[in-house]
Amino acid sequence: MKSMCLAAVLAALMGSAAFAETIGVSMQSFDNNFQTLLREGISARASEVNGVSVQVEDAQTDISKQLNQVNNFIAAGVDAIVITLTDTSAAAGVSEAAAKAGIPLVFLNLEPENIAKLPEKQAYVGSKETDAGRLAGEAACSLLKEKGKAADAQVYILMGDLAHQASRDRTSSFKEALSAGACKGVTIADEQSAAWTRTNAMDMTTNWITAGQPIDVVFANNDEMAIGAVQALKAAGVSMDDVVVIGIDATQDGLAAMAAGELDATVFQNAKGQSASAVDAAVALVRGEPVEKQVWVPFELVTPKNMAEYVSKN
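Residues numbered from 1 in each chain as written. Predicted model: local features only at pLDDT ≥ 70, side-chain atom pairs only at ≥ 80, totals over all residues. Heavy atoms only, no water.

### Structural notes on helix H8 (residues 223–235)
- Between its first and last C-alpha, H8 extends 18 Å over 13 residues, near the 18 Å set by a 1.5 Å rise per residue.
- Of all the 13 residues making up H8, 10 are buried; the element is thus mostly covered by neighbouring parts of the structure.
- Among all positions of H8, only Asp 223, Glu 224, Met 225, Ala 226, Ile 227, Gly 228, Ala 229, Val 230, Ala 232 and Leu 233 are buried.
- Just past H8, the residue Gly 237 takes up positive phi, approximately 80°. (Helix = DSSP H or I, 4+ residues; strand = E, 2+ residues; numbered from the N terminus. Expected span 1.5 Å × (residues − 1). Buried < 20%, exposed > 50% of the residue type's maximum accessible area, 1.4 Å probe, protein only.)

### Looking at the sheet that holds strand S6 (residues 154–159)
- Spatially, the four strands line up as an open sheet ordered S7-S6-S8-S9, and their pairing is parallel. At either margin of the open sheet sits one strand with a lone partner, and together these are strand S7 (187–193) and strand S9 (244–246). Each strand of the sheet is rotated relative to its neighbour by a mean of 15°, with strand direction disregarded.
- Where S6 lies against strand S8 (residues 217–220), four bridges are found, and the strand directions are parallel. Residue pairing across strands places Tyr 156 opposite Val 218, the latter belonging to S8.
- Packing against the sheet, helix H7 (residues 198–210) makes contact with S6 and S7, and its axis sits at approximately 155° to S6.
- Relative to the sheet, H8 contacts S6, S8 and S9, its axis offset from that of S9 by approximately 155°. (Pairing = 2+ DSSP bridges. Axes fitted to C-alpha atoms, helices over the stretch in contact; angles between N-to-C directions. Contact = heavy atoms within 4.5 Å.)

### Topic: the pairing of strand S1 (residues 21–27)
- For S1, the tally of buried residues reaches six of seven residues, placing the bulk of the element in the interior.
- For S1 and strand S2 (residues 52–58), the ladder comprises seven bridges, and the chain directions are parallel. Within S2, the residue paired with Ser 26 across the bridge is Glu 57.
- Of the crossover connections in this fold, the one passing from S1 over helix H2 (residues 33–48) to the parallel S2 is right-handed. (Right-handed = clockwise from strand over helix to strand, strands pointing away.)

### Some words on the packing of aromatic side chains
- According to the stated counting rule, one finds four aromatic pairs in the structure shown.
- Relative to Trp 296, the ring of Tyr 124 lies with its centre 5.6 Å away and its plane at 75°, an arrangement referred to as edge-to-face. Taken together, the positions of Tyr 124 in strand S5 (residues 122–126) and Trp 296 in strand S11 (residues 294–296) put the pair 172 residues apart, joining distant regions of the chain. Assigned by exposure class, Tyr 124 and Trp 296 land together as buried.
- A ring pair is formed by Phe 174 and Phe 219, whose centres lie 4.1 Å apart and whose planes are at 15°; its orientation type is stacked. Of this pair, Phe 174 sits in helix H6 (residues 165–179) while Phe 219 sits in strand S8; the two residues are 45 residues apart in sequence, bridging distant segments of the chain. (Phe/Tyr/Trp six-rings, centres within 6.5 Å; stacked < 30°, edge-to-face > 60°.)

Listed below in structure tokens is the structure:
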């Protein structure tokens, strides 16, 4: 699907003050670093569009709480709903509720399971998770070749919440990228969910270190977990020169870890681009304007060589 032309959409939306819309927003978790960036981006974009206000709620990773928020938005008569799902398998129920109420719905960031069957006036805005995993896998292989470990490295994977398609896609495409070329001989020693959090990732990595097996690569499905892995490795006295650590998101904390020589690569996920596109799509749907069913914002590889370009992007 083609991406929306953001500049054109924004110009059209800002050009009219005849509309007044309220968008109900349910976020997966205010505590999640990247979700916070999305939330801030939604508020920033809404402030730029005439007549648009947002009501933002925290689902606290609780699907029951999130479904209640959606129902409350519907009962309150909001003009549109934007949601980052706590459980992507719940998407069909959310879609059905919004469709019955005649309220436009935009899924943001976490791909809904019913993405191929979205009803009218519904869309998904996000980035292709398989691209993130592929970019991370290619970077890992390149770094392993530099270290002379491409043939026999031991690789560990920290997955996000297993209820999220992003976790599964990032992990599977990372492994496919490794097995596609010079790094096909590496071993995936273990892969476990750390549920997107730094603390869980630190605990999981500590367990791997305690087991006494070599750790050549840690790939984390997000920067928060990558940082947790770094903290565990450093606490155990492991030299960061000996381990390749890769994350996803290019958050400020992730880039700080890269500047410190602790994170070897990350994959920029454009929070501002995603959140702006979600607001633009929601307003366009309310106003009867055409919107692609799937709006894609590209991932980009970030390394120490180009990290300066991304310092202010997330």
